[in-house]
Amino acid sequence: MKLHQLDLNLLLAFDALMTARNVTRAAQQLYISQPAMSHALNRLRQFFADPLLVRTPQGMMPSPRALKLHTAVRQALLLLEQQLGDEEQFIPAESSRRFVISTTDYVECVLIPPLISRLKQLAPRVTIEILILRDTLPEQELASGAIDLVLGFDEYMQVPPHLCRETWLTEPLCGLVRSDHPQVGEALSLPQLIATPHVFHSPLGTRESIVDHYLASQGLQREISVNSQSYMSAAAIVSQSDHLLVLPRKVAELLATGWPLKLVNLPLEMPSYHLNCVWHPVHDQQPAQAWLRQLMRELVRAP
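The sections below set out a description of the structure shown in this document. (Residues numbered from 1 in each chain as written. Predicted model: local features only at pLDDT ≥ 70, side-chain atom pairs only at ≥ 80, totals over all residues. Heavy atoms only, no water.)

**What about helix H11 (residues 249–256)?**
Structural remark: α-helix, 3.6 residues per turn; residues separated by three or four positions point the same way.
No. 1: Turning to H11, its buried residues are Val-251, Ala-252 and Leu-255. Take H11 and look down its axis: the buried residues cluster within an arc of 100 degrees, on one side only.
No. 2: Along its buried surface, H11 packs onto helix H5 (105–110), strand E7 (173–178), helix H10 (231–239), strand E10 (244–248) and strand E11 (261–264). (Buried < 20%, exposed > 50% of the residue type's maximum accessible area, 1.4 Å probe, protein only. Helix = DSSP H or I, 4+ residues; strand = E, 2+ residues; numbered from the N terminus. Arc of directions from axis to C-beta. Contact = heavy atoms within 4.5 Å.)

Quick look at the structure:
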């Protein structure tokens, strides 16, 4: 396939068609007639030897080839807009920008509340939408701009090397038990940790964590009695049983204020979590996103 054989204006048409999933609406986006957009779609189908968009009762559905192409085409168009257009400005106090962050319940509990408070002062019309991070990194959404940032711990994310990544926080682990636990005091030794039944918080449905990997390296294994995908339900279980919940310290401190729970120090050799921020390089210099990253970086690292 030779790029010089393709009318590059067709890429604008392709992007509009993939966004609107409707020939008439795509034509309106580009201020051309509906027949002209239909002609552009036919030329695209010929060039790529693929139907690209197929009419169904539910609307125009993209083919697998079209979905793959759109990621690259959208990135290229965004980059061109950034480089050729007027220099973009972002004025927080005047902006009504919506930022989308894909993250874990740790960030929802610990980092989003102070962010919202700070936004009220600096950018009162800016809004935040949270999407729960699943078991795969939403790379296409980062590229297209549908998601601005991904925040998660090392163990939950396999980050490709071409994406931008910063470690914002190293978070030590601690334990939570009910406040009147008969066997557990202020600290646990490694043998005590192994002997105590655990509630395992696994937001992505995983079966192991850095705790289990560390124990395996020592030839040890803990007893997991309950798997929970929610900090709240895990805390409720621990508050009414003799189980132990191991989790990042900031979340543990937060839960201990609302439940009859106490914090327990773990052996010093236990590993820590590393909270990473990931974004796509095509948006690295985008002023609004750069401003949000800096604001959140400061909030995360504040004492």
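**Structural notes on the environment of Pro-281**
No. 1: Considering the arrangement of structural elements, one finds Pro-281 in the loop between strand E12 (273–279) and helix H12 (287–301).
No. 2: In this structure, the C-alpha to C-alpha distance between Pro-281 and Leu-142, residues 139 residues apart in sequence, is 9.2 Å.
No. 3: Other than its neighbours up to four places away in sequence, Pro-281 contacts His-162, Leu-163 and Cys-164.

**With respect to the sheet that holds E12**
No. 1: Taken together, 5 strands build an open sheet; the order of strands is E4-E3-E5-E12-E6 and the sheet is mixed. The open sheet has two edge strands, strand E4 (127–132) and strand E6 (164–171), and neither has a second partner. Neighbour-to-neighbour, the strand axes of this sheet turn through a mean angle of 20 degrees, independent of strand direction.
No. 2: With 6 bridges joining them, strand E3 (residues 98–103) and E4 adopt parallel strand pairing. Opposite Ser-102, over in E4, you have Leu-131 as the bridge partner.
No. 3: Across the sheet, H12 touches E3, strand E5 (149–153), E6 and E12, and the angle it forms with E6 is around 15 degrees. (Pairing = 2+ DSSP bridges. Axes fitted to C-alpha atoms, helices over the stretch in contact; angles between N-to-C directions.)

**Section: the packing of helix H2 (residues 23–30) against helix H3 (residues 34–48)**
No. 1: The geometry of H2 relative to H3 is characterised by a closest axis approach of 8 Å and an angle of 105 degrees between their N-to-C directions. Judged by the angle between their axes, H2 and H3 are roughly perpendicular. Residues Val-23, Thr-24, Ala-26, Ala-27 and Leu-30 of H2 pack against Gln-34, Met-37, Ser-38 and Leu-41 of H3.
No. 2: Counted by class, the contact of H2 with H3 contains 6 nonpolar, 3 polar and no charged residues. (Parallel < 35°, antiparallel > 145°, perpendicular 65-115°, else oblique. Nonpolar A, V, L, I, M, F, W, Y, C, P; charged D, E, K, R; others polar.)

**Observations concerning helix H9 (residues 210–217)**
No. 1: Listed as buried for H9 are Ile-210, Val-211, Asp-212, Tyr-214 and Leu-215.
No. 2: Each element contacted by the buried residues of H9 is listed here: E7, helix H8 (190–195), strand E8 (198–201), strand E9 (224–228), E10 and E12.
No. 3: For H9, the side-chain oxygen to backbone nitrogen distance between the N-cap and Val-211 is 3.1 Å, and the N-cap itself is Ser-209.
No. 4: Positive phi shows up at Gly-219, right after H9, with a value of about 75 degrees. (Polar contact = N/O pair within 3.5 Å; in protein donor to acceptor, adjacent residues only side chain to side chain.)

**Here's the deal with the nonpolar core**
No. 1: By size, the foremost hydrophobic cluster in this structure holds 55 residues, and its most contacted members are Tyr-106, Leu-115, Leu-151, Leu-247 and Met-296.
No. 2: Looking at this core element by element, the count peaks at 5 residues for H12.
No. 3: Residues in contact with Leu-151, not counting those within four places in the same chain, are Ile-101, Ser-102, Thr-103, Thr-104, Val-107, Leu-111, Leu-133, Trp-168, Leu-275, Asn-276, Cys-277 and Met-296. (Core = buried A, V, L, I, M, F, W, Y, C linked by side-chain atoms within 4.5 Å.)

**Considerations on the packing of helix H1 (residues 9–20) against H2**
No. 1: Contact pair H1 / H2: the axes reach a minimum separation of 8 Å and the direction vectors enclose 130 degrees. With respect to H2, the axis of H1 lies oblique. Like other packed secondary-structure pairs, H1 and H2 cross with a definite hand, here right-handed. Facing H1, whose interface residues are Leu-12, Ala-13, Ala-16, Leu-17, Thr-19 and Ala-20, H2 presents Val-23, Arg-25, Ala-26, Gln-29 and Leu-30.
No. 2: Grouping the amino acids of the contact of H1 with H2 by side-chain chemistry returns 8 nonpolar, 2 polar and 1 charged. (Left-handed = near helix turned anticlockwise from the far one by under 90°.)

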